[in-house]
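Examining the three-dimensional arrangement
Listed here are the chains, written in short residue letters.
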Amino acid sequence: GAQHADSSTPSSQHSLYPATKCTAACACEYSWEESQSKRTIRAENEVEANKLVNNYRFGFRKWKSHVTERPFEGRSDVVKELYSELNVIKPHSGHFITGGNVAYMLLFGWWVSLAYFLVGTLMFITVTGVPYGKLCWKLCCYFLWPFGNPIHEVRFFAASVTCSKKTCTCNIIQCALLVVQCRFVTYVWLLLGYPPLVVVHSLACFISWILVFTIPVFKMNARTLGVILLLPPEDVSISAGYETRALLCCYHAANWYYYKYTIDGINVFAANLLPLVIVALVTGYIDRENKYASSDVKFTIAIGSIIPLSYYIGMGIASISAQSNFAVGAVVNATFGSITELTFYITALLRGHQQANTCLEEVVKAALTGTLLGCILFIPGICMIIGGLRHSEQRFNSRSAGVSCALLFISIGGVFAPTLFSKAYGNLVCDSCTNSTGKRFLKITHSFIIILLHLLLINSALFVFRPLVYTVCALLPVAYIIGLLFTLKTHSHIYNIHVEEVQVSSHHGTVVHWSRWRSLVILILATVLTSACADLATEHIQPILSQPNISQYFIGVTVLAMVPEIPEIVNGIQFALQNNISLSLEVGSCIAVQVCMLQIPILVLFNAFYDVGFVLIFSDQHLWASIFSVILVNYIFMDGKCDYFQGTALVVVYLILLAQYYFAPSPAGC
């Protein structure tokens, strides 16, 4: 069980404590226990412990996936089954008629079996390929319903041939003829029979891998193609022989737990989406005249390709931070933590400036507001709902949540201060120009001077408005740094975190998926590719914005705002399912604070050096939606408890605001 450290020990905060040896089962999944004094988290090694501590640090990206290889022997039977090579015969007491197996027969079984029947017939026609023809017909019946029916490699035939060679040395010519005949049959098989089956199994492998949950079908086809079909036909038997070893044994065609499947630390969904980047670059930069793909398709592919790139950037940040000290981790998180969103925003502003299109500036503002609303309302709400369905009531650290809410108030107040200023002083009226009876002698509301002042205020002239923007954008990063010092140094005890390193018996030690240099190279490469995909997205966004039935505000606050945050949403949901709702709430708060205190000041700084027309004035809809969202989430976070009802309230409010954006008219001039 967990051992709680003494709360009076100051050095135990955010520190790594050696723990007594625990069984391997304790190490398969890190767990946490909460008491009034301290929360204890278990990790398999020091690198994982650093990653877990970083998850609770303000300003650090929250990352769920492991950055080190986990000992396979200590993992659960469900996880071991995911990585099985399908060459072990296991006792099975259940039935094989399941939904996944029936779906296999309808999606794969019939046409794979038909291919084997046709190839077997072809091999019978060649006469010399009859042994392979028999094997193909056997496999034709096998692949129609392979479940629970193993394929073996038979060894007694090879042994008997070896014995005959030793005892019948006088018949060397016959043995040589037998070898030549076997080689000729093999050549016929490799030239006529094997290539069509390569195409069939490759297609089955591609489809089953893309579907993810049917990865057992991928393994079955890959093993058949790489092992079974390259063996002599007489060595392959669907019924056991004298001396046999299992080549293939599959019991289920689908497994819902394959959403956990990883490749070198990368989730299978992110790995499957990575080819979208290549497709986006090829179609975007080669097909300039839209001969093969329309702008709508190119925009969709470019936006979708940002999802895996965001995941790779997150993995790189988590890997470097876990293997480095606090200072390096803070720099990496501050540098690359918002790189995906900033790349898109700056690219859109540059393209809008080049094309003299003010709509892209409004789209960027809508995306900024949509990110705020999504991180304040949707991410905590959906995590509360999904986590509340498994756990009736979840508790979190109200003190740390209060710090996040205070930073949110500061962020929203600072970002929207220029907007409030413009609305307060945008229309100047000379109130002192009245006589004693209250009648105005001079009304200059519509005079040239007042119109000039109005334009100067609204259009960021230098004498009042722009200095205010620069002042706010200088104070927001300062407030961010103060928040870092408060939560990480002077008052780090508010998180009450204690990490124990579980001793796991392993012969290889700690093996990280990505080294620091590899992570840095991937970060840089992913950033460059994100810039290219963002450039393509902004290039082909105009047909999407020209849709008459959809407001441009709605496109900005939904697609452009939330697509890059999909990996963060997945991380938050996984934390909530593990009853760690504190991290789920911190995911959204951290992003929202970084948007206001880092991303927007960087955009203003960029506009100061290269004027792209970015004015820090938001519409009334953006203003009041953001303020209302912060007030609502602060009210819900007050008691340190949450359930699915509170999450539903946040999501419903978020959907109401989205409906408001959907029916709102597009910005003026767009």
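Residues numbered from 1 in each chain as written. Predicted model: local features only at pLDDT ≥ 70, side-chain atom pairs only at ≥ 80, totals over all residues. Heavy atoms only, no water.

1. Side note on the overall build of the protein
- Looking only at helices and strands, one finds 25 helices and 11 strands in the protein.
- Sorting the 670 residues of the protein into buried and exposed places 50% on the buried side.
- Long-range pairs, those at least 24 residues apart, make up 81% of the contacts in the protein with a sequence separation of at least 6.
- Accessible surface for the protein amounts to roughly 31000 Å². Of this, 67% is attributable to carbon and sulfur atoms. (Helix = DSSP H or I, 4+ residues; strand = E, 2+ residues; numbered from the N terminus. Buried < 20%, exposed > 50% of the residue type's maximum accessible area, 1.4 Å probe, protein only. Contact = heavy atoms within 4.5 Å. Areas by Shrake-Rupley, 256 points an atom, 1.4 Å probe, with all protein chains shown as cover.)

2. Some points on the nonpolar core
- Residues Phe614 and Phe637 are the most contacted members of the largest nonpolar core, which totals 106 residues.
- No other element matches the 15 residues that helix α14 (residues 359–390) contributes to this core.
- Once residues lying within four places of it in the same chain are set aside, the contact partners of Phe637 are Pro380, Met384, Phe396, Ser398, Ala401, Cys405 and Leu585.
- Counting residues in hydrophobic clusters, the runner-up holds 36 residues, among them Leu86, Leu225, Leu247 and Leu248. (Core = buried A, V, L, I, M, F, W, Y, C linked by side-chain atoms within 4.5 Å.)

3. Thoughts on unusual backbone geometry
- The phi dihedral of Asn290 is positive, around 55°, even though this residue is not glycine.
- Asn290 sits in the partly exposed class, given a relative accessible area of 30%.
- Not every positive phi belongs to a glycine, and Ala356 is a case in point at roughly 55°.
- Mapped onto the elements, Ala356 comes out in the loop between α13 (339–354) and α14.
- Its relative accessible area of 68% is what places Ala356 among the exposed residues.

4. Details of the confidence of the model for the protein
- For the protein, mean pLDDT is 80; residues scoring 70 or higher make up 79% of the total.
- This model gives residues 156–170 a pLDDT under 50, and the stretch forms six contacts once residues within four places in sequence are excluded.
- In this model, residues 428–463 is a region of pLDDT below 50 whose contacts with residues beyond four sequence positions or in other chains number 39 contacts. (pLDDT = per-residue confidence, 0-100.)

5. Points about the pattern of salt bridges
- Evaluation of the coordinates by the stated rule reveals 11 salt bridges.
- Across the salt bridge formed by Glu568 and Arg61, the nearest N and O atoms sit 3.2 Å from each other. A residue pair is termed long-range when its members are at least 10 positions apart, and Glu568 in helix α22 (residues 566–577) and Arg61 in the loop between α2 (46–55) and α3 (77–82) qualify at 507 residues. Note on accessibility: Glu568 and Arg61 belong to one class, buried. (Salt bridge = Lys/Arg side-chain N within 4 Å of Asp/Glu carboxyl O.)

6. Notes on α2
- Within α2, eight of the 10 residues are buried, which leaves the element mostly enclosed by the surrounding structure.
- Every buried residue of α2 is accounted for by Val47, Glu48, Ala49, Lys51, Leu52, Val53, Asn54 and Asn55.

7. Remarks on the packing of aromatic side chains
- Inspection of the entire model under this criterion finds 28 aromatic pairs.
- Taking 6.0 Å as the distance between ring centres and 25° as the angle between the ring planes, the aromatic pair formed by Tyr104 and Phe108 counts as stacked. Linking Tyr104 with Phe108, this pair stays in helix α4 (residues 99–125), spanning four residues, or about one helical turn.
- Here the aromatic rings of Phe606 and Tyr610 are separated by 6.2 Å at their centres, their planes lie at 45°, and the arrangement is tilted.
- Judged by its relative accessible area of 23%, Phe606 falls in the partly exposed class. (Phe/Tyr/Trp six-rings, centres within 6.5 Å; stacked < 30°, edge-to-face > 60°.)

8. What about a nonpolar patch on the surface?
- Among the surface-exposed residues, Ile97, Val102, Leu106, Leu107, Leu203, Phe206, Ile207, Ile210 and Leu211 lie close enough to one another that they form a single nonpolar patch of about 830 Å² accessible area.
- For the nonpolar patch, the secondary structure elements donating two or more residues are α4 and α7 (172–210).
- In terms of residues, the nonpolar patch owes the most to one element, α7, which gives four residues. (Patch = residues over 30% accessible without salt bridge, like charges linked within 9 Å, V, L, I, M, F, W, Y side chains within 5 Å.)

9. Observations regarding the environment of Phe344
- Within the secondary structure layout, Phe344 lies in helix α13.
- A relative accessible area of 6% means that Phe344 is categorised as buried.
- It is 9.4 Å that separates the C-alpha atoms of Phe344 and Ala532, two residues lying 188 residues apart in sequence.
- Residues within four places of Phe344 in sequence aside, it is in contact with Ala534, Ala537, Thr538 and Leu560.

10. Looking at the side chain of Ser584
- In this fold, Ser584 is placed in helix α23 (residues 581–609).
- A polar contact is formed between the side chain of Ser584 and the backbone oxygen of Gly572, at a distance of 2.6 Å.
- Excluding residues that lie within four positions of it along the chain, Ser584 makes contacts with Ile379, Cys383, Gly572, Phe575 and Ala576. (Polar contact = N/O pair within 3.5 Å; in protein donor to acceptor, adjacent residues only side chain to side chain.)

11. Overview of the packing of helix α11 (residues 295–323) against helix α19 (residues 516–539)
- One can describe the packing of α11 onto α19 by two numbers: an axis separation of 8 Å at closest approach and a directional angle of 160°. With respect to each other, α11 and α19 are oriented roughly antiparallel. Between α11 and α19 lies a crossing whose hand is left-handed.
- Of the residues that constitute the contact of α11 with α19, the class distribution is 17 nonpolar, seven polar and one charged. (Axes fitted to C-alpha atoms, helices over the stretch in contact; angles between N-to-C directions. Parallel < 35°, antiparallel > 145°, perpendicular 65-115°, else oblique. Left-handed = near helix turned anticlockwise from the far one by under 90°. Nonpolar A, V, L, I, M, F, W, Y, C, P; charged D, E, K, R; others polar.)

12. Describing the sheet that holds strand β4 (residues 151–154)
- Across the sheet, which stays open at both edges, the three strands sit in the order β5-β4-β6 with antiparallel pairing between neighbours. Two strands lie at the open edges of the sheet, namely β5 (236–237) and β6 (244–248), each paired on one side alone.
- Where β4 lies against β5, two bridges are found, and the strand directions are antiparallel. Of the residues in β5, the one forming a bridge with Glu153 is Val236. (Pairing = 2+ DSSP bridges.)

13. Looking at the environment of Ile522
- Here Ile522 is to be found in helix α19.
- Given the relative accessible area of 18%, Ile522 is considered buried.
- For the pair Ile522 and Ile313, spaced 209 residues apart in sequence, the C-alpha to C-alpha distance is 7.5 Å.

14. Some words on the environment of Asp296
- As for its placement among the helices and strands, Asp296 is situated in helix α11.
- Take Asp296: its relative accessible area is 32%, and that puts it in the partly exposed class.
- Sequence spacing of Asp296 and Ile541 is 245 residues, and the spatial spacing of their C-alpha atoms is 7.5 Å.
- Once residues lying within four places of it in the same chain are set aside, the contact partners of Asp296 are Pro543 and Ile544.

15. Examining the state of the cysteines
- Inspection of the entire model under this criterion finds zero disulfides.
- Between Cys136, a free cysteine, and Cys140, which holds the nearest cysteine sulfur, the sulfur-to-sulfur gap is 9.2 Å.
- For Cys136, a relative accessible area of 1% gives the class buried.
- Here Cys642 stays free of any disulfide, with the sulfur of Cys383 as its closest cysteine sulfur at 9.6 Å. (Disulfide = S-S within 2.5 Å.)

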